[in-house]
Structure formats: C-alpha cells, structure tokens
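# Structural description and commentary
The chain contents come next:
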Amino acid sequence: MNTNVAFLELKYGNIYGGFPNFYAISEIALLVFENGSNRIFLESWVNQANIEIVNVYPKINELGHTIGRAKEVVNLKTRRRKPYKEDFRLEEMDLKYAFKQLQPAKMSIKNFLLKNLKKYQFRDILTFDGRRDVFLCERAGVNFSRFNIIDLQKVLNKETEYLFSLNKLSVVVNFELDNSYLRSNNLEYWLHPIAARQIIPKSAAYDAARLMMVYNEYTQFHEDFMRKGALLLNKIQNLKEE
C-alpha cells in the first residue's frame, strides 16, 4: 500500500490595476513526503510572465497572530517590487496585453502538474485553505479526480472549532529551516540541497514545507500537538486582554 503524501501550495495575486476577482498564479510547489524512508521530493514552478501582480501578505507577531495586512506589487519577470497604490487602474489596451502575457502560463501549469502527478506515487494531496488553489489548477486544465484532496485547515477547524492559520501552526510545531534540515518539536528531516535551495521564506515551497511539518506533527504526535495548540491560543488570548 502506497502511503506517500503530497503537499500542494500556490502563490497567486491580482493583475495590478486589473480585475479584483481574477487571480494569476505566480508560484506552485508540490512537495512529496515518502513515508518509511522520510525522503522529501520538491518540485517548483515559477511564472515568469512580464506582468505585475499584487501580493497580499499578513503582518504577524511572535505568536503567529495576524496584526495587519500589507500589499505590494511585484513584476513576475524581473521580481522587482514597488509600493501598491489603491487607485491605480490599467488602461484597456494594457490589460489586454497583461492577459496575453499570461496565456502561455496556462499550458506550463498544466504540464508541470500533470508531469509531477504522474512522476510520484501518492493518492492524498494535502492543502491548507486550498479551495482556490485547487480551482486555479483545475482552470489550467488539471484533473484531480483520482486524488483524495484533504484541506488540513478544515480538518483542524472541525476538531478544535478554531480557524488556525499556517503561521500560527508553524509556531505550534516550532517550525525551523536550518540549511538542509527541516525541524519541529518532535521531527527532523534532511533535505537534498536542490530542494533546500527552493525553500525561501514567503515562497510556495516554504509554505509546502511548513504544511508537511504541521501535518506530520499532527498525525504522529497528536496529543502533544493539541496541547501546544491550546497553549498558543491561551497566550494569544492573554495578549489581547493585556
């Protein structure tokens, strides 16, 4: 019986000055954890279209609690960043150009995912608040019907009646990336240097690595995980009351 587990994470954003409900994928990470050997395989895809998208990211405190949100504009080709302006709008011709620049990405996304879904043997795909992630992949032509997609945020919400963020859970498990090692409260895994180079903070690969460590702590050290989760929530509540 195959017990390998895959972890899917995307980064995406709106075209700067475009429609607020249209999302362009900027990064995809598919991390596969091989149970038994503890081997980790990481495949990444980066969109290099010449367009600017809006990144929205949370500002967090030392407990992983969100204390605000920020927006920045990033060019997917050059990776240059600039401040976000609320009232900026693209002209119609510029918006058409941006959509044209994005067109080749659809086939690239489909090819990347189909190749790696076939390359590795697994049935379960873990996401975190991943409904839009899955939808965006399906819109690119990927069929997940033969896979069992599990949203870990929903699983934890059902068990704890609290909507944890990945940032909070990273604090719960004490996630740490140390060169070629991933560490948490009870676990340590070695990474191949090629995989380790891809795991950069704020990237899809970084989130996939965090999701894997959280999932493995949750499934392998459940009591310890739940206890530490409750302690973190108590700390957050105490901080609010102060």
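Further up the page is the structure itself.
First things first, this report covers the structure right here in the doc. (Residues numbered from 1 in each chain as written. Predicted model: local features only at pLDDT ≥ 70, side-chain atom pairs only at ≥ 80, totals over all residues. Heavy atoms only, no water.)

## Examining the pattern of salt bridges
Definition in use: By definition, a salt bridge exists where a carboxyl oxygen of Asp or Glu is found within 4 Å of a side-chain nitrogen of Lys or Arg. Labels follow the DSSP assignment, with helices taken as runs of H or I lasting at least four residues and strands as runs of E lasting at least two, numbered in each case from the N terminus. A 1.4 Å probe rolled over the protein chains alone gives each residue an accessible area, and that area as a share of the maximum for its type sets the label: buried under 20%, exposed over 50%, partly exposed in between.
According to the stated counting rule, one finds 11 salt bridges in the structure shown. With a shortest N-O distance of 2.9 Å, Arg 227 and Asp 224 are connected by a salt bridge. Taken together, the residues Arg 227 and Asp 224, both in helix α7 (residues 222–241) and 3 residues apart, mark about one turn of the helix. In this structure Arg 227 comes out as partly exposed when scored by relative accessible area, which is 47%. Taking the relative accessible area as the measure of exposure, Asp 224 reaches 15% and is therefore buried. With its nearest N and O atoms 2.5 Å apart, the salt bridge here joins Asp 224 to Lys 228. Here Asp 224 and its partner Lys 228 are both found in helix α7, 4 residues apart, which amounts to about one turn of the helix. The network of salt bridges with common partners includes Lys 11, Asp 207 and Arg 210.

## Quick notes on the nonpolar core
Cut-off, in case you're wondering: Residue types Ala, Val, Leu, Ile, Met, Phe, Trp, Tyr and Cys, when buried and joined through side-chain atoms within 4.5 Å, form a set referred to as a nonpolar core.
The biggest cluster of nonpolar side chains holds 39 residues, and the ones touching the most others in it are Phe 7, Leu 31, Ile 40, Leu 152, Leu 182, Met 212 and Phe 225. Of all the secondary structure elements, the ones that give two or more residues to this core are β1 (5–15), β2 (23–34), β3 (39–46), α3 (152–160), α4 (166–172), α5 (193–198), α6 (204–220) and α7.

## What to know about the pairing of β2
Definition in use: Any two strands with at least two DSSP bridges between them are considered paired.
Counting buried positions over the 12 residues of β2 gives 12, a clear majority of the element. Bridge count for β1 against β2 is 10 bridges, and the pairing is antiparallel. Across the sheet, Tyr 12 pairs through a bridge with Ile 25, a residue of β2. Where β2 and β3 come together, 8 bridges link them in antiparallel fashion. Residue pairing for β3: Ala 29 is matched across the bridge by Ser 44. Hairpin connection of β2 to β3: 4 residues between the antiparallel strands, including Gly 36 at a positive phi of 100°.

## What about the sheet that holds strand β11 (residues 188–190)?
In plain terms, the rule: Convention adopted: a line fitted to C-alpha atoms gives each axis, helices being fitted over their contacting stretch, and angles between N-to-C directions are expressed from 0 to 180 degrees.
Strand order in the open sheet made by the 3 strands is β9-β10-β11, with antiparallel pairing throughout. Two strands lie at the open edges of the sheet, namely β9 (176–178) and β11, each paired on one side alone. Averaged over neighbouring strand pairs, the angle between their axes works out to 20° when direction is ignored. Pairing of strand β10 (residues 181–183) with β11, which is carried by 3 bridges, proceeds in the antiparallel orientation. When the bridges of β11 are listed, Leu 182 appears paired with Tyr 189.

## Topic: the packing of aromatic side chains
The geometry of an aromatic ring pair is captured by the separation of the ring centres together with the interplanar angle, meaning the angle of the planes. Here is the rule we go by: Planes of paired rings set the category: under 30 degrees apart is stacked, over 60 is edge-to-face and the rest tilted, where pairs are Phe, Tyr or Trp rings (Trp by its six-membered ring) whose centres lie within 6.5 Å. When the NZ atom of lysine or the CZ atom of arginine is within 6 Å of a ring's centre and also within 35 degrees of its normal, the charge is said to sit over that ring.
Taken as a whole, this structure holds 12 aromatic pairs when the rule is applied. Seen in terms of ring centroids, Phe 7 and Tyr 215 are 5.7 Å apart; in terms of plane orientation they differ by 65°. Their pairing is edge-to-face. Placement of Phe 7 in strand β1 and of Tyr 215 in helix α6 is noted, with a sequence separation of 208 residues between them. For Phe 7, a relative accessible area of 0% corresponds to the buried category. In this structure Tyr 215 comes out as buried when scored by relative accessible area, which is 16%. Between the aromatic rings of Phe 41 and Tyr 120, the centroid separation amounts to 5.4 Å while the plane-to-plane angle is 40°, which identifies the pairing as tilted. Of this pair, Phe 41 sits in strand β3 while Tyr 120 sits in the loop between α1 (92–119) and β7 (124–127), and the two are 79 residues apart along the sequence. Judged by relative accessible area, which is 24%, Phe 41 ranks as partly exposed. Note on Tyr 120: relative accessible area 13%, which makes it buried. The ring of Tyr 57 has Lys 202 sitting right over it, with the charged end atom 4.4 Å from the ring centre.

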